[in-house]
Amino acid sequence: MEEAKFYKSQNNSKVQCQLCSHFCTISPGQTGICRARKNEKGKLYSLVYGYPIALNIDPIEKKPLFHFLPGSLSYSLGTLGCNFRCANCQNWDISQATDIEAKIKYLDFIKPEEIIKSALTANCSSVAYTYNEPTIWTEYAMDIMKLARKNKLKNVWVSNGYMSPNCLNVILPYLDAANIDLKSMDEDFYLKNCEGKLAPVLDNLKTLKKEKIHTEITTLIIPSLSDNPKMLKKIAQFIVSQLGPETPWHISKFSPIISWKLKNLPETENKIIYEAYEIGRQAGLKYIYAGNMPGDDKENTYCPKCGQLAIKRLGYQIERLDKNGKCAKCGKILDILD
Ligand code: SF4
């Protein structure tokens, strides 16, 4: 087990973890809410350092990032545990794992150097910290991120945005892009559905913008829980006013089959996604994308000025019709980082 870097000692051998906005106080022998950090005799340890449970070579579009190195490959890894308890989680088998200490005994220890070597061998342009919440394994992620930088690989976080301000400040110098879930603008949703809070997510998004990190937003539209048009308008308005109208917004279809708990809810209807798309457009967003709807024309990038098709997508396949990041018809810059 690797001793954690982000914690404070307290009385009676308790510790307070500083990594995410839960700031768990953990007694000896106990783990934090994420189940991935354990207090052993007054010291905090990361149970998952060096133990990725998922390692894949993914298209960057799968993160999803549509305006960052389009068409490139991202070496993607995730571990066990999560600081949220989202009832809709699609990776719940890893994110909501219990007794992580026992489970990692069946996993191979993989050094950060080996991750980088594999990423380079696979011709990836970036490393993605994804599948479960990377905040809870920041020590491991940071060691990989530093090596990635040295090897000219970009670093991408796919996150719920619930890191502590200190954690965010530590990763910022090595972070190139992020896809952050903005699940709702409703505090109650965050509390009941995720067992987290909204405010830290909004604060962290503003910091990412201030620090000029390429950020894309994902909202999963869950029938009856996060499909209210007024709430969706608030999300779109927040993105436009605080992050900028050029920020891509991914609005994704919910499926009960793959969700952790919400098996009784229906799949999101396409017309709800189209309505959300229109809400985003009216708020002033330039790039809105339907998620989990392969083949739908709302997965494509269109020029926000003249409407010309600029990037055509079919699932994770892309066809570039732009001219070096500009609209081929009117020349408008399309806010793509190549
Ligand atoms: S990462 Fe968050 S959930 Fe996990 S122990 Fe630390 S404060 Fe608690």
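To be clear, the structure that these remarks concern was listed above.
The sections below set out a description of the structure shown in this document. (Residues numbered from 1 in each chain as written. Predicted model: local features only at pLDDT ≥ 70, side-chain atom pairs only at ≥ 80, totals over all residues. Heavy atoms only, no water.)

## Remarks on the overall build of the chain
Regarding its fold elements, the chain presents nine helices and 17 strands. On the principal axes, the C-alpha backbone points of the chain span a range of 65 × 45 × 35 Å. Sequence-distant contacts, at least 24 apart, represent 65% of the contacts inside the chain between residues at least 6 apart. Element-wise, carbon and sulfur atoms account for 49% of the exposed surface of the chain, whose accessible area totals about 15,000 Å². The averaged location of the 36 negative side-chain charges in the chain is 4 Å from the averaged location of its 45 positive side-chain charges. (Helix = DSSP H or I, 4+ residues; strand = E, 2+ residues; numbered from the N terminus. Contact = heavy atoms within 4.5 Å. Areas by Shrake-Rupley, 256 points an atom, 1.4 Å probe, with all protein chains shown as cover. Lys, Arg positive; Asp, Glu negative; His and termini not counted. Charge placed at Lys NZ, Arg CZ, Asp CG, Glu CD.)

## Notes on the layout of surface pockets
When its volume is computed, the largest pocket comes out at roughly 1,200 Å³. Lining the largest pocket are 47 residues, and of these Lys62, Lys63, Gln90, Asn91 and Val158 sit closest to its centre. Elements with a contribution of two residues or more to the lining of the largest pocket: strand E7 (54-59), helix H1 (92-95), strand E10 (154-159), strand E11 (177-181), strand E12 (214-221), strand E13 (249-253) and strand E14 (288-291). A per-class count over the lining of the largest pocket returns 19 nonpolar, 18 polar and ten charged. Space inside the second largest pocket adds up to approximately 310 Å³. When residues of the lining of the second largest pocket are traced back to their parent elements, those giving at least two are helix H7 (199-210) and E12. When residues of the lining of the second largest pocket are assigned to their parent elements, the largest contribution, three residues, is made by H7. When the residues that make up the lining of the second largest pocket are grouped by side-chain class, the tally is seven nonpolar, three polar and four charged. Mapping the lining of the second largest pocket onto the domain boundaries places at least three of its residues in each of domain 2 (54-299) and domain 3 (302-338). (1 Å grid on protein atoms, 1.4 Å probe; cavity = no way out; pocket = protein on both sides within 12 Å on 5 of 7 lines; lining within 4 Å. Points joined across faces, edges and corners; volume = space filled by probe spheres on them. Nonpolar A, V, L, I, M, F, W, Y, C, P; charged D, E, K, R; others polar. Domains from an automatic or database assignment.)

## A closer look at unusual backbone geometry
Lys63 connects to Pro64 through a cis peptide bond whose omega is -5 degrees. By secondary structure assignment, the location of Pro64 is in the loop between E7 and strand E8 (73-78). Residue Asn12 is not a glycine yet carries a positive backbone phi of 55 degrees. If you trace the backbone, Asn12 turns up in the loop between strand E2 (7-9) and strand E3 (15-17).

## Details of the sheet that holds strand E15 (residues 301-302)
Ordered in space as E15-E16-E17, the three strands form an open sheet in which the pairing is antiparallel. Edge positions in the open sheet fall to E15 and strand E17 (317-320), since each of these has one partner strand only. (Pairing = 2+ DSSP bridges.)

## Topic: empty space enclosed by the protein
Tallied over the full model, the rule gives one cavity of 30 Å³ or more. Estimated volume of the largest cavity: approximately 100 Å³. Lining the largest cavity are 13 residues, with Cys17, Cys20, Cys24, Cys34 and Arg37 positioned closest to its centre. Here the residues of the lining of the largest cavity sort into nine nonpolar, three polar and one charged.

## Details of the site of the ligand
Close contacts around the ligand come from 13 residues, with Cys17, Cys20, Phe23, Cys24 and Cys34 the closest. Judged by the fraction of its atoms near the pocket grid, the ligand is located in the largest cavity. Of the residues assigned to the shell around the ligand, the class counts are nine nonpolar, three polar and one charged. (Near = heavy atom within 4 Å. Sits in = over half its atoms within 2 Å of the grid points.)

## Topic: helix H4 (residues 138-150)
For H4, spanning 13 residues, the distance from its first C-alpha to its last is 18 Å, which sits close to the expected 18 Å at 1.5 Å a residue. For H4, every residue scored as buried is listed here: Thr138, Glu139, Tyr140, Ala141, Met142, Ile144, Met145, Leu147 and Ala148. Positive backbone phi, approximately 60 degrees, marks Lys152, located one or two places after H4. (Expected span 1.5 Å × (residues − 1). Buried < 20%, exposed > 50% of the residue type's maximum accessible area, 1.4 Å probe, protein only.)

## Comments concerning the sheet that holds strand E4 (residues 25-26)
Taken together, three strands build an open sheet; the order of strands is E2-E3-E4 and the sheet is antiparallel. Whereas interior strands pair on both sides, the edge strands pair on one side only; in this sheet they are E2 and E4. Looking at chain direction, E2 and E3 are connected through three bridges and run antiparallel. From the neighbouring strand, Ser9 faces E3, where its bridge partner is Val15.

## Considering the packing of aromatic side chains
Under the criterion given, the structure shown has ten aromatic pairs. Summarising the aromatic geometry, the rings of Tyr49 and Phe109 are spaced 6.5 Å apart at their centres and angled 25 degrees between planes, so their arrangement reads as stacked. You can see Tyr49 sitting in the loop between strand E6 (43-46) and E7 and its partner Phe109 sitting in the loop between helix H2 (100-103) and helix H3 (112-121), a full 60 residues away along the chain. Exposure remark for Phe109: the relative accessible area of 41% places this residue in the partly exposed category. Look at Tyr49 and Tyr140: their rings are 5.0 Å apart centre to centre, the planes differ by 55 degrees, and that puts the pair in the tilted class. Pair noted here: Tyr49 is in the loop between E6 and E7 and Tyr140 is in helix H4, with a separation of 91 residues, a long-range link. A network of ring pairs unites the aromatic residues Tyr49, Tyr51, Phe109, Tyr129, Trp137, Tyr140 and Trp157 as a single cluster. Taking NZ or CZ as reference, Lys261 lies 4.2 Å from the ring centre of Trp260, over its face. (Phe/Tyr/Trp six-rings, centres within 6.5 Å; stacked < 30°, edge-to-face > 60°. Lys NZ or Arg CZ within 6 Å of the ring centre and 35° of its normal.)

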